[in-house]
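One letter stands for each residue in the lines below.
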Amino acid sequence: MQLKELTINGFKSFAKKAELEFSTPITAIVGPNGSGKSNVAEAFRFVLGEQSMRSLRGRKGEDLIFNGSTSVVRSNRASVVIRLDNAAQGGKRTFPVDFDEVIIERIVHRDGTNEYVLNGSRTRLRDIQELLASANIGPTGHHIISQGEADRILTATPKERREMVEDALGLKVYQYKKIESERRLEKTRENIAQVESLRREVVPHLRFLERQVKKMEKSLALREELTVYYAEYLKREDLYLTYHTEAIARSAEAPRIALKEQSALLEDAKRTLEKNEQDEKSAALVALEKRVAEVRTRRQAAVRGEGLIEGQIAFLERRIQEMEQKQEEAEDAPVPYSEVKTAVVSAEKIAVKAADDEEVSAVRRALTDVVGVFKSLLNDPKKREVVSAKAEREELAELTKEREKNAKERERIAEEEVSVEEEYMALRQAIEDESTESREAERAIFEIMNRIREAEQELRTIETKQATLERERTEFKRELQEGVALIGRGITAYRDHSLTNDDGMELTLEVLVGEERAKQYERRRHLEKMKIRLEELGVGANEDVLKEYTDVKERDEFLVREITDLEQSAEKLEVLIVELTEQLNEQFVAGIEQIQTEFARFFTLMFGGGSAKLDRVKPKVRKRKHDEDFDFGANEESGLAEDAEAEEEGVEGIEINVQLPNKRVRGLDMLSGGERALTSIALIFAMSQVNPPLFVILDETDAALDEANSRRYGDMISALAERSQLILITHNRETMSRAGVLYGVTMAGDGVSKLLSVKFDEAVAVAK
Ligand code: ATP
């Protein structure tokens, strides 16, 4: 016997502890109306986890607790304990727990709270339900038929019926599993939705970061490229500038020297010109010219004077000679006219000569001479002869002296003239020489100026080049600074950058500095472009962004894994649900077939003929709630809970179709009370046959039966008891007679139900 004992304490009318032992297949509970028998059946329901207060004939938890009576105080709590055997049979336990006995206690307190205790440990209702379901003790209570509820299975909706059948078939475990799986699936889907929504939040950010990182990577690559390019550019530029600056500086040396030299030459030439431009010389020349003329005049005068003296001397000598001659020839000879004429002519000559002379002394001398001439005419020839001769001789001597003196003077003047002339000529030569020199100097200046201009031009060109180089040097420095700012100090090591040709050979300085400038400018343009691109990409690696990217990426990957995992478990659950559904369906279909067979057998047994069958029906999809569009075949139970059915679209239900023997009536509605009781009993028994529950409680199911039917009922009970323990609440004698143990329930004036074991006869008496 698996059901061992039920202990009721404080539950409903059982104010005191009452214990029922179930040691036989059939236990009957008998007693007068209102003594508390049904409370026992409810105690079963209660302890098995019934949640419907209606099924427990109460409104709230408190109603289940003994409420006191005139003489007994009310209880604070109600407790029911059920003890079930769980010893392994053939290596198998009924309940999947490692105990030989399963003891379940449910307690309800006045505040309505419930406690469930499984083998001494508090537990949840659900665990109790699952445990019981595993032994086919379901919550629909198909194995507990309350008073007046025998035909519940007949009045139930197809769907409720299906649940009862499922319960009876022990499919609740699958149902629980299925529900649990569906619940888990729903939860999983919620989780998926949640994770997906999380991911939806993450993904745009991730994409954004991804783009950032890609940009960053691009930027880094470009930076690397730029570094190399920069190094080449800077190295080339530096070499070029250094080389050409030096070269230009060198090239400036020659023109600079030339300029210096030519400037010096220019100075010299200018000085020469300046020197030659003096007027003194020409003034001197004029003076010299005058002096020459003067000296010449003086010399001529001297010559003339000398000539006069010569003439006088010649005259005197002739006179002396004549006088001497006359002395000799004729003493007193008159002065001949010729003499006078000669004298006059001579005097005239002297006078004329003197008239041209400016020198006073000469004029004076001329006057003297003239006087002398005329005197010689006037003298007494005798005396004159005597005196004249003497005087003439003296005069001649004097004139001779004077002629000598004069000659000397003339010579001196002549010498002076020569010297002055020489001086003049020398000066003139000098002046001539100087003008030649000046012309040469002018020509030289012209040439020098040309050379200076050339040198200056050359230097200007060089300066322009230097200025260009200078500018480029400044530009180079700026570029270097920018490079440092852009790439870092490492760029200053550009000199170590190796520049090779296509064959990998190091380029020579000559090649490097000899390159066309345009190429370097082209490089510069390229460099600028690269910089712009780099700028566009944004600068440098941002550690924070990288870190965030890694984090977000990891998070996204985690979420993706999570989704995958969840989807996998969702899939598994879906598969499981499908499997469970299939299993349920298969077992349900198989079970219903068996129940159907048993039902038909019990029905014909009960009614001595006729037919009964169960049909599986699937409601058609309704368009509107109140459209009566269900196809329930004969549709005997129209009007009952149709709306509820309507909402359960697509769920298969069960329909009962019976045909009484010798009667034309069909359908449950046409049955009498007794017939209904028999039909439902047949069905209940059929259900119990297929998958026998541990125990079945029937509360006055037999109330409506007449004697003949009571016997048949009794037979069926005996048959049923072979597979399930039966607890029968009954007033029926026949039924009582089938029981092994009888309990009598009585209630005295204190309103408290009491329990006692009774004999059959006592039972019959008590039941009355
Ligand atoms: P019948 O043979 O007429 O069906 P019964 O033996 O099945 O009667 P029950 O319905 O089990 O009788 O018992 C009903 C009795 O239990 C009533 O007298 C009722 O007052 C009592 N009862 C129900 N709830 C409580 C409660 N909470 N406290 C005290 N008594 C209660």
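Located above this text is the structure these notes cover.
Rules of the game
Residues numbered from 1 in each chain as written. Predicted model: local features only at pLDDT ≥ 70, side-chain atom pairs only at ≥ 80, totals over all residues. Heavy atoms only, no water. Pairing = 2+ DSSP bridges. Helix = DSSP H or I, 4+ residues; strand = E, 2+ residues; numbered from the N terminus. Contact = heavy atoms within 4.5 Å. Axes fitted to C-alpha atoms, helices over the stretch in contact; angles between N-to-C directions. Near = heavy atom within 4 Å. Polar contact = N/O pair within 3.5 Å; in protein donor to acceptor, adjacent residues only side chain to side chain. Areas by Shrake-Rupley, 256 points an atom, 1.4 Å probe, with all protein chains shown as cover. Nonpolar A, V, L, I, M, F, W, Y, C, P; charged D, E, K, R; others polar. Parallel < 35°, antiparallel > 145°, perpendicular 65-115°, else oblique. Left-handed = near helix turned anticlockwise from the far one by under 90°. Expected span 1.5 Å × (residues − 1). Buried < 20%, exposed > 50% of the residue type's maximum accessible area, 1.4 Å probe, protein only. Arc of directions from axis to C-beta.

(A) Broad picture of the sheet that holds strand β12 (residues 725–729). Strand order in the open sheet made by the 6 strands is β8-β11-β12-β3-β13-β14, with mixed pairing throughout. Edge positions in the open sheet fall to β8 (144–145) and β14 (753–758), since each of these has one partner strand only. With respect to the sheet, helix α15 (residues 707–721) is in contact with β3 (26–30), β11 (695–699) and β12, its orientation differing from that of β12 by roughly 145°.

(B) Here's a closer look at the environment of R439. Among the structural elements, R439 can be located in helix α9 (residues 381–487). For the pair R439 and M716, spaced 277 residues apart in sequence, the C-alpha separation works out to 168 Å.

(C) Structural view of the site of the ligand. Within the structure, the ligand sits among 18 residues, and N33, G34, G36, K37 and S38 are positioned closest to it. Separating an oxygen atom of the ligand from a side-chain N or O atom of N33 is a distance of 2.6 Å. One nitrogen or oxygen atom from the side chain of E700 is found 3.4 Å from an oxygen atom belonging to the ligand. Protein contacts shield 74% of the accessible area of the ligand, which totals 650 Å² for the unbound molecule. The class makeup of the residues in the shell around the ligand is 3 nonpolar, 10 polar and 5 charged.

(D) Just the side chain of E434, in detail. On the secondary structure map, E434 appears in helix α9. If we ignore the near neighbours within four places in the chain, the residues touching E434 are N276 and K281.

(E) Summary view of the packing of helix α12 (residues 543–607) against helix α14 (residues 673–690). As a packed pair, α12 and α14 sit with axes 8 Å apart at the nearest point and diverge in direction by 140°. Regarding the angle of α12 to α14, the classification is oblique. Viewed along their axes, α12 and α14 form a crossing whose handedness is right-handed. Each of G591, Q594, I595, E598, F599, R601, F602, F603, M606 and F607 in α12 lies in contact with α14, whose residues at this interface are E675, L678, T679, I681, A682, L683, F685, A686, M687, Q689 and V690. For the contact of α12 with α14, the per-class residue count stands at 14 nonpolar, 4 polar and 3 charged.

(F) Quick look at α15. Between its terminal C-alpha atoms α15 stretches 21 Å, which fits the 21 Å expected from 15 residues at 1.5 Å a residue. Regarding α15, the residues found buried are N709, S710, Y713, G714, M716, I717, L720 and A721. End-on, the buried residues of α15 take up no more than an arc of 165°, which puts them together on one face. Taken together, the buried residues of α15 touch β3, α12, α14, β11, β12 and α16 (733–738).

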